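Residues per chain, in single letters:
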Amino acid sequence: MSAQPFSIPTTVFDPALLATALKSSSSPITLLKKNIERTSDYLYQQFQQGANVKDLVWGRAKFFDQLLTSCWQLFDWTPNSCSLIAVGGYGRGELHPHSDIDLLILLKDEQSLEAQQQVLSDFVTMLWDTGLEIGHSVRTVEQCLSEAAKDITIVTNLMESRTLAGSTQLHKTMADGISPDKMWPSHEFFRAKWDEQIQRHQKHGNSEYKLEANIKNSPGGLRDIQMISWIAQRHFGAKSREALLDLGFLDEEELNLFDSGLEFLWRVRYALHMIAGREEDRLLFDHQRILAKMFGFEDDDAKMAVEQFMQQYYRYAFTLGELNDVLMQHFDETILRACEAESIYEINPRFRVRNGHIEVTHDKVFERTPSALLEIFVLMAQNKSIDGARANTIRLIRQNRHLIDDEFRNNPKNCRYFIDLLRSPQKVALQLRRMLRFGVLGKYLPEFGRIIGQMQHDLFHIYSVDAHTMEVIKNMRRFHYEEAQKKFPVAARIVKRLPKIELLFIAGLYHDIAKGRGGDHSLLGVIDARAFCERHELNKRDTNLVCWLVEHHLLMSAVAQRQDISDPEVVNQFAKTVGDQVHLDYLFALTIADINATNPNLWNSWRASLLRQLYVETNRALRRGLENPIDRTEWIKDTQEMAIEKLEGIGFTEGEIRILWANTGDEYFLREKIDDIVWHTEAISQHTHSKEPLILVKESGDLDYEGATQIFIHTRDQASLFAMMAAGLEQLNLNIQDARIYNSGNGLTLDTFYVLNENNEPIGDDPDRIQHIKQFLTEYVKQADAYQEIMQKRTPRQLRLFSVPTRTSIATDIDGGYSVLEVLTPDRPGLLARIARIFLDFNVYLQNAKIATLGERVEDVFFITNQNQQPIEDPELCEAIQKAICKELDEQAAA
């Protein structure tokens with residue numbers, strides 16, 4: 001408790017006056033409620049005025065100590081037979097505004113329990129009627145000991161208990177009974193609590209950087225601080241973290257970090273409870289914005305206020321998580337492994353390996369040889385037998401990282417160590433994560449230190465910039481593993497032939513280094529990347545390659561997902577930017593690693609197939625020579641000839657084929673694959689006399705992890721067809737990835753939709769579902785206004801919180817014969833149907849669509865024409881279309 005205990009003025013709460021008033025009051029519940037309300041209001045006012053949160057948390061617990069004691073004294077208890085015990089967080093003397101008040105009513109024996117059943121019931125009923133958020137149990141001493149012996153959670157709660165009222169001897173008997181010499185000896189207690197922490201961390205994503213973190217249970221949260229106290233108490237009998245100073249398990253800096261971290265988390269939790277009006281430990285998006293304002297942050301040109309607040313939270317959580325790691329490992333070495341036989345061998349005068357973990361040979365290693373701060377990570381990367389670093393060595397790294405200054409960074413020896421690490425054949429990603437965890441990476445690369453804990457306030461980027469970067473490096477290493485060859489076949493093949501793998505890692509480290517500075521982070525990052533390359537003495541060609549990769553790291557993804565890569569001209573322009581095979585290989589590997597490290601839900605089989613297609617076509621263009629681009633007319637002619645050859649092989653004559661293709665435009669043969677053209681043609685020939693829509697379904701893609709389900713529809717052309725198909729597919733829980741619309745001159749249309757299911761996967765071999773899709777869509781497209789229904793669905797909570805104005809743009813592609821409409825807007829049900837309805841209103845015809853959902857937002861590209869199949873060149877009409885889309889989508893978001 002505080003050296004100068006926080007005191008609630010008697011004008012707000014007078015415990016003596018309350019005790020007297022309760023004894024004579026005819027309505028004690030009302031009296032208790034008024035005291036609770038008045039005191040809670042006072043404490044919240046103090047919080048708003050900047051009072052020390054520790055005083056408020058302890059003061060609230062003290063208030064309820066006095067209130068509960070007064071309540072207890074109203075009842076006729078058998079002397080020395082029972083007591084009121086505070087347990088858990090309340091037992092520690094800590095109470096946030098809406099935290100449960102955990103109580104144990106401890107009884108001497110079964111006879112005491114039976115004799116006082118009624119008074120126990122009346123006491124608990126009074127507390128409930130008062131509106132207290134209590135968590136209570138009623139047990140005899142024997143029952144407590146029996147349950148504690150079986151359950152690590154119960155014994156932990158009882159360790160943090162104290163008597164509020166009644167017999168103190170009962171509590172002493174219970175406390176003696178749960179001591180380590182009676183149950184849960186320290187090694188068993190530590191193992192159980194560590195397993196409990198591992199499970200808790202797994203439940204919360206094993207990361208301090210969850211988008212909506214739980215400040216109590218997430219890694220780096222309050223539970224991680226409490227964990228250290230519990231183990232220290234169990235093993236050393238330490239009643240506080242301060243006691244660990246004398247035991248040598250904490251140093252002064254670490255204790256200060258724990259205290260400052262605890263105070264920050266308490267302030268956040270206190271505010272969360274007040275905002276939510278109930279117990280709430282989740283940093284939900286809507287709460288984050290309010291908290292940012294309460295903590296004094298404001299939007300600026302580089303970062304939103306909420307991003308600044310969350311960066312502060314993540315940095316505290318990261319620091320506390322790091323301290324928890326070190327101390328848990330220290331406890332492991334001291335408690336669990338204390339009796340292990342030791343295997344020790346020397347590496348060099350500075351380092352040795354003890355039982356698989358590297359350690360310094362003496363405590364002055366880093367002080368006398370600062371370069372050893374990098375050398376240790378190189379040794380761990382190059383030696384397969386080293387599992388990690390000893391806790392005491394990690395602590396020494398932390399204590400000496402201040403030695404990493406400009407002189408250290410510019411020392412050629414240290415630069416060589418860092419490049420040697422990146423060139424290591426194994427464990428590169430692991431060592432970089434350790435460097436980050438131990439505070440070395442942010443010191444050695446100050447520009448990297450600035451992005452630690454930096455988040456973007458959206459659902460797309462689920463990691464902080466530093467965590468995302470580490471995931472990128474990890475993915476680059478994964479491409480070398482056998483299991484990656486199936487999921488990432490092209491990337492796995494490419495990385496093995498990259499001439500210098502360290503250049504890929506450097507590009508990965510720097511591709512997002514300038515996030516949060518304002519401006520184009522790709523261009524700003526080039527400046528830092530070039531400075532790094534020059535400081536580490538890379539040659540000019542390698543430096544230029546790294547800088548090119550940083551500048552263009554988003555290019556391949558943008559072209560694959562936002563342009564028509566079936567168009568030879570699009571591929572040729574991309575190939576000209578890339579220039580050669582080496583740049584293409586490095587860029588492809590960086591792109592795949594980057595996308596998969598941004599959000600696990602972002603990568604799907606369709607994106608994989610698009611990137612692979614762009615890579616393969618660009619590869620061909622480079623081999624052919626950039627001076628020899630493919631001619632569109634030649635491409636169409638070759639496609640038709642090869643399709644005719646296949647169709648003739650199954651019984652068609654060229655004349656029959658030409659009749660079936662008579663009204664089919666060139667775009668169809670430019671964009672469709674030969675096998676699909678054969679598939680469509682054969683099916684249409686068998687359907688010519690039917691008035692029903694022709695619906696075909698099959699898988700697209702020749703690799704297990706790539707492609708989408710292809711849905712082809714041949715039916716009477718109608719202006720609302722795209723709107724109906726978009727709504728119908730959404731009702732089937734199918735997400736459109738690509739749409740290709742071909743309008744013929746005979747009143748019929750050939751539309752192809754590439755879709756994934758709700759799990760971002762192709763439908764696969766599921767005949768029943770495929771049949772259901774065919775039947776549903778066949779009937780659905782007959783209903784002219786069916787698509788209106790999907791537009792009435794409510795938008796989910798998280799998506800509503802990221803409601804930002806819709807942005808649009810229209811550009812005309814004269815060579816392609818269409819206009820390109822881009823729509824950036826928050827995702828919501830019925831989005832495509834709404835846009836399609838606006839197309840209908842303006843007589844706009846859709847030729848192609850590229851659909852990209854990125855977290856809470858979509859970045860959709862529509863290739864459109866007017867009713868004469870020409871680009872929309874009227875500026876006023878373009879403006880009107882965009883205004884209508886923005887008005888429709890933004891009004892829906894506000895509803």
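The structure under discussion appears in the preceding block.
Here the residue numbering is sequential within each chain, running from 1 through the sequence in written order. It should be noted that, the model being predicted, local features are given only for residues of pLDDT at least 70 and side-chain atom pairs only at 80 or more, the latter also being counted only at that level, while totals for whole chains, interfaces and linings use all residues. Values reported for side chains reflect all heavy atoms of the structure, with hydrogen atoms and water molecules removed beforehand.

Novice: Just checking my understanding: could you explain the state of the cysteines for this structure?
Specialist: In a disulfide, the sulfur atoms of two cysteines are covalently bonded to one another. In this description, a disulfide is simply a cysteine sulfur pair whose atoms lie within 2.5 Å. Using the criterion set out here, one finds zero disulfides in the structure. As a non-bridged cysteine, Cys415 has Cys533 as the owner of its nearest cysteine sulfur, 11 Å distant. Here's how the labels work: a residue is buried when its accessible area is under 20% of the maximum for its type, exposed when over 50%, partly exposed in between, all with a 1.4 Å probe on protein chains only. For Cys415, a relative accessible area of 5% gives the class buried. Unpaired in terms of disulfides, Cys886 finds its nearest cysteine sulfur in Cys878, a separation of 13 Å.

Novice: Would you take a moment to explain the sheet that holds strand S7 (residues 357–360) for this structure?
Specialist: Paired through backbone hydrogen bonds, the strands of a sheet run either parallel or antiparallel to each other. Two strands make a pair as long as DSSP finds a minimum of two bridges between them. Numbering of helices and strands runs from the N terminus, with a helix taken as a DSSP run of H or I at least four residues long and a strand as a DSSP run of E at least two residues long. Spatially, four strands are ordered S5-S6-S7-S8 in an open sheet, and the strand pairing comes out mixed. Each edge of the open sheet carries a strand with a single partner, namely strand S5 (344–346) and strand S8 (388–389). In terms of strand pairing, S7 meets S8 through two bridges, oriented parallel. When the sheet's bridge partners are listed, His357 is paired in S8 with Gly388.

Novice: What is the right way to look at the pattern of salt bridges in this model?
Specialist: In a structure, side chains of opposite charge can pair up when their charged atoms sit close to one another. The salt bridge criterion pairs a side-chain nitrogen of Lys or Arg with a carboxyl oxygen of Asp or Glu, the two atoms within 4 Å. Applying the stated criterion to the full structure yields 46 salt bridges. Ionic pairing is found between Arg517 and Asp528, a salt bridge with its closest N-O pair at 2.4 Å. One end of the pair, Arg517, is in the loop between helix H27 (501–510) and helix H28 (521–535); the other, Asp528, is in helix H28, and 11 residues separate them in sequence. Given the relative accessible area of 14%, Asp528 is considered buried.

Novice: Explain the sheet that holds strand S2 (residues 101–107) to me, please; I cannot follow it from the model alone.
Specialist: Strand order in the open sheet made by the four strands is S3-S2-S1-S4, with mixed pairing throughout. The open sheet has two edge strands with one neighbour each: strand S3 (134–140) and strand S4 (162–166). Shown here is a sheet whose adjacent strand axes are inclined to one another by a mean of 25 degrees, direction ignored. Looking at chain direction, strand S1 (residues 82–86) and S2 are connected through five bridges and run antiparallel. The residue bridging Ser83 from the neighbouring strand is Leu106, located in S2. Axes here mean lines fitted to C-alpha atoms, for a helix over just the part in contact, with angles spanning 0 to 180 degrees between N-to-C directions.

Novice: Would you take a moment to explain the packing of aromatic side chains for this structure?
Specialist: Each pair of aromatic rings is reported with the distance of its centres and the angle of its planes. Stacked, edge-to-face and tilted labels apply to pairs of Phe, Tyr and Trp rings (six-membered ring for Trp) whose centres lie within 6.5 Å, assigned for plane angles under 30 degrees, over 60, and everything in between, in that order. All told, the structure shown has 39 aromatic pairs when counted by the stated rule. On the basis of an interplanar angle of 15 degrees and a centroid distance of 6.5 Å, the ring pair of Tyr44 and Phe47 is categorised as stacked. Of this pair, Tyr44 and Phe47 both sit in helix H2 (residues 28–48), three residues apart, which is roughly one turn of the helix. Of the residues examined, Tyr44 reaches a relative accessible area of 22% and is grouped as partly exposed. Assessed through its relative accessible area of 12%, Phe47 is described here as buried. On the numbers, 5.9 Å between centres and 75 degrees between planes, the contact of Phe418 with Phe532 is edge-to-face. Of this pair, Phe418 sits in helix H20 (residues 412–423) while Phe532 sits in helix H28; the two residues are 114 residues apart in sequence, bridging distant segments of the chain.

Novice: Before we go on, may I ask you to explain the packing of helix H17 (residues 372–382) against helix H18 (residues 391–400) in this structure?
Specialist: For any two helices packed against each other, one specifies the inter-axial angle together with the distance between the axes. Closest axis-to-axis distance for the H17/H18 pair is 11 Å, and the angle between their directions is 145 degrees. For the pair H17 and H18, the sense of crossing is left-handed. For the pair formed by H17 and H18, the contact residues are Leu373, Ile376 and Phe377 on the first element and Thr393, Ile397 and Asn400 on the second. Ten residue types, Ala, Val, Leu, Ile, Met, Phe, Trp, Tyr, Cys and Pro, are classed as nonpolar, four, Asp, Glu, Lys and Arg, as charged, and the remainder, Gly among them, as polar. Looking at the contact of H17 with H18, its residues break down into four nonpolar, two polar and no charged. Definitions for this section: a left-handed crossing has its near helix turned counterclockwise from the far helix by less than a right angle. A right-handed crossing has that turn clockwise. Residue contacts follow a heavy-atom distance rule, with two residues in contact if any of their heavy atoms lie within 4.5 Å.

Novice: Just to check I follow, could you spell out helix H10 (residues 186–203) for this structure?
Specialist: Residues lying three or four places apart along an α-helix face the same way, a consequence of the helix completing one turn every 3.6 residues. End to end, H10 covers 25 Å across 18 residues, agreeing with the expected 26 Å (1.5 Å per residue, within 8%). Those residues of H10 that sit buried are Ser186, Phe189, Phe190, Ala192, Lys193, Trp194, Gln197, Arg200 and His201. Tucked inside the fold, the buried residues of H10 contact helix H8 (152–159), helix H11 (222–236) and helix H15 (305–336). Taken from the residues just after H10, Gly205 is the one with a positive phi, measuring 80 degrees. Expected helix span is computed as 1.5 Å times (number of residues minus one).

Novice: What exactly am I supposed to notice about the packing of H11 against H15 here?
Specialist: H15 packs onto H11 with a crossing angle of 20 degrees between their chain directions and a minimal axis gap of 9 Å. Between H11 and H15, the angle falls in the class roughly parallel. The handedness of the crossing between H11 and H15 comes out as left-handed. Across from Asp224, Ile225, Met227, Ile228, Ile231, Ala232, His235 and Phe236 in H11, the residues of H15 making contact are Leu320, Gly321, Asn324, Leu327, Met328, Phe331 and Ile335. Any angle that falls under 35 degrees is termed roughly parallel, while one over 145 is termed roughly antiparallel, one within 65 to 115 roughly perpendicular, and all others oblique.

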